[in-house]
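Structure at a glance
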Amino acid sequence: MKRFLPVLLSFLLLLSGCAKEQPPAQLTMFSMNTVMDLKIWGEEGDTAAQQIMQLCSRLEKNWSATDPDSLLSRLNRGEQAELTPEQKSLLEAVEQLSLRTGGAFDPKLHGVSQLWDFTGESPRVPVEKELQAALKVPQWDMGGSLKGYAGQKAAELLATMKVQRAILNLGGNIQTFGEKPDGSDWVIGVQNPDGGDYLGYVHVKGTAAVVTSGDYQRYFEENGVRYHHILDPETGYPAASGLRSVTVICRDGLTADCLSTALFVMGLEEGAAFWRESSDFEAVFVTEDGKIHATEGAGLSGCEYEVIGK
Ligand code: AMP
Ligand code: MG
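1. Digging into the sheet that holds strand β5 (residues 186-190)
- One open sheet holds the three strands; their spatial order is β5-β6-β13, and the pairing between them is antiparallel. A strand with exactly one partner marks an edge of an open sheet, and here the two such strands are β5 and β13 (300-301).
- Direction of pairing for β5 relative to strand β6 (residues 200-204): antiparallel, over a ladder of five bridges. In the sheet register, Ile188 faces β6, and the bridge partner there is Val202.

2. Comments concerning the environment of Leu170
- Inspection of the secondary structure assignment puts Leu170 in strand β3 (residues 165-170).
- As a C-alpha pair, Leu170 and Val211 span 41 residues in sequence and 9.4 Å in three-dimensional space.
- Excluding residues within four positions of it along the chain, Leu170 makes contact with Val35, Met36, Leu38, Lys147, Ala150 and Gly151.

3. Quick word on the packing of aromatic side chains
- Going through the model one piece at a time under the given rule, you end up with nine aromatic pairs.
- Centre to centre, the rings of Phe274 and Phe281 are 5.9 Å apart; their planes meet at 35 degrees, and the pair counts as tilted.
- Residue classification places Phe274 among the buried residues on the basis of a relative accessible area of 7%.
- Within the aromatic cluster, the residues linked to one another by ring pairs are Trp116, Phe118, Phe220, Tyr227 and Tyr237.
- Stacked on the ring of Tyr219, the Lys or Arg Arg226 has its end atom at 4.0 Å from the ring centre.
- For the cation-ring pair, Lys310 lies above Trp275, with the distance from its terminal atom to the ring centre recorded as 4.3 Å.

4. Notes on the site of ligand 1
- Taken together, 17 residues are adjacent to ligand 1, and Asp106, Asp141, Ser213, Leu231 and Thr261 come closest.
- Contact between ligand 1 and Asp106: a nitrogen atom at 2.8 Å from a main-chain N or O atom of the residue.
- The contact in question runs from an oxygen atom of ligand 1 to an N or O atom on the side chain of Ser213, over 2.6 Å.
- Expressed as a share of its isolated accessible area of 490 Å², the protein-covered part of ligand 1 is 92%.
- In terms of residue count, the dominant contributor to the shell around ligand 1 is helix α8 (residues 253-266) (three residues).
- For the shell around ligand 1, the per-class residue count stands at seven nonpolar, seven polar and three charged.

5. Some thoughts on the coordination of the magnesium ion (ligand 2)
- Those donors, Gly144 (O), Asp257 (O), Asp257 (OD) and Thr261 (OG1), are the protein atoms that reach the magnesium ion (ligand 2), and they lie 2.0 to 2.5 Å from it.
- Donor residues binding the magnesium ion (ligand 2) come from one chain and are separated in sequence as G-x112-D-x3-T. Linking Gly144 in the loop between α6 (128-135) and α7 (146-158) with Asp257 in helix α8, this pair joins segments that are 113 residues apart in sequence.
- When its relative accessible area of 5% is taken as the criterion, Asp257 is described as buried.

6. Details of the pairing of strand β12 (residues 292-295)
- Side-chain alternation along β12 places Ile292 and Ala294 on one buried face and His293 and Thr295 on a second face that is also buried.
- Remark: four residues form the turn of the hairpin made by strand β11 (residues 281-287) and β12, two consecutive strands paired antiparallel; Gly290 in that turn has positive phi of roughly 85 degrees.

7. Points about the pattern of salt bridges
- The full count for this structure, using the stated rule, is twelve salt bridges.
- Linking Lys153 and Glu156 is a salt bridge whose minimum nitrogen-to-oxygen distance equals 2.9 Å. Remark: Glu156 and Lys153 occur in helix α7; sequence separation between them is three residues, near one turn of the helix.
- On the basis of relative accessibility, which here comes to 17%, the residue Lys153 falls in the buried class.
- Residue class for Glu156 comes out partly exposed when judged on its relative accessible area of 41%.

8. Focus: helix α4 (residues 85-100)
- Taking 1.5 Å per residue, 16 residues should reach 22 Å; α4 reaches 22 Å between its end C-alpha atoms and fits that length.
- At its buried positions, α4 is contacted by α2 (45-63), α3 (71-76), α7 and α8.

9. Brief notes about the packing of α8 against helix α9 (residues 268-276)
- For the pair α8 and α9, the least separation of the axes is 6 Å and the interaxial angle reads 135 degrees. In terms of orientation, α8 lies oblique with respect to α9. Contact with α8, carried on its side by Leu259, Leu263 and Met266, involves Leu268, Glu270, Gly271 and Phe274 of α9 and no other residues of that element.
- Classifying every residue of the contact of α8 with α9 gives five nonpolar, one polar and one charged.

10. Observations regarding unusual backbone geometry
- Even without a glycine there, the phi angle at Met32 is positive, about 50 degrees.
- Inspection of the secondary structure assignment puts Met32 in the loop between β1 (25-31) and β2 (34-41).
- Taking relative accessible area as the criterion, Met32 reaches 10% and is therefore assigned buried.
- Although it is not a glycine, Asn33 sits at a positive phi angle of roughly 65 degrees.

Thresholds, definitions, all that
Residues numbered from 1 in each chain as written. Chains lettered and ligands numbered in written order. Predicted model: local features only at pLDDT ≥ 70, side-chain atom pairs only at ≥ 80, totals over all residues. Heavy atoms only, no water. Pairing = 2+ DSSP bridges. Helix = DSSP H or I, 4+ residues; strand = E, 2+ residues; numbered from the N terminus. Contact = heavy atoms within 4.5 Å. Phe/Tyr/Trp six-rings, centres within 6.5 Å; stacked < 30°, edge-to-face > 60°. Buried < 20%, exposed > 50% of the residue type's maximum accessible area, 1.4 Å probe, protein only. Lys NZ or Arg CZ within 6 Å of the ring centre and 35° of its normal. Near = heavy atom within 4 Å. Polar contact = N/O pair within 3.5 Å; in protein donor to acceptor, adjacent residues only side chain to side chain. Areas by Shrake-Rupley, 256 points an atom, 1.4 Å probe, with all protein chains shown as cover. Nonpolar A, V, L, I, M, F, W, Y, C, P; charged D, E, K, R; others polar. Donors = N, O, S within 2.8 Å, 3.2 Å for Na, K, Ca; no water. Salt bridge = Lys/Arg side-chain N within 4 Å of Asp/Glu carboxyl O. Expected span 1.5 Å × (residues − 1). Axes fitted to C-alpha atoms, helices over the stretch in contact; angles between N-to-C directions. Parallel < 35°, antiparallel > 145°, perpendicular 65-115°, else oblique.

Read these as geometric descriptors, not functional statements.
In structure tokens:
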């Protein structure tokens, strides 16, 4: 027994070491007009959380549509502004995604959004003439893409640090990073547009983005009508596509964010056709009549749904 004692002791030590993983670094902050929650496991978790907070502040400062001093506001006023290669490639990427979605994702609807004023004190239904005029003046708005991009940049940052894994909730845009120690999936709830329990759960492995666009996220009601913040670029009115929400699962956060907005505008049929032509994302659609449709690779559980096949 004496001979085996050191072996037994080190085995027990190893076991207790496994069981006692350090709790994650956690940070809650308000940025980009929303609450963000970071959970990061690993030696440099705290530093990583601080750096992600700074990253989000930096992105917000550059791309805010409401701050008159932001880079984006200067671009919208037609001022000459020096862009870094990274800023240039972000704008090129959103333009590219706009083309890819046939304009359903339109990163230049700021003038129209401003008329509706969804985030302001007194949102209102603009008159047709105002909408038509605003549609003719393209103005940058990163509201449909920036949180996804932030998640992606945060994951890139985490990859350079002593961090095992992380789950970042950037105002409902979820970014996962790394594998769980037991190899199990990250499980992410799909919100019920009417509130209450999750409708179902999306399962992803490793680093991925799970991004939802929904009519319940930002809206106001007037005379019993709900006016939400996802606009049809053809009319300037809230997209009336028969959907309550779209969740996109994609390796690339920026793509996930732009596509969730675009698929919401397209609606179920067009969105499913768009998915069939693509190979870089999966999607869950919740329709106005409360039905759930999910593409075959979406990894949805916990609910009944119709499968969208290739
Ligand atoms: P999301 O919640 O990602 O779907 O983005 C919605 C936000 O993106 C809105 O609050 C607007 O700032 C902006 N937006 C609205 N409609 C569109 C659209 N069709 N394409 C791109 N951005 C949009
Ligand atoms: Mg979006």
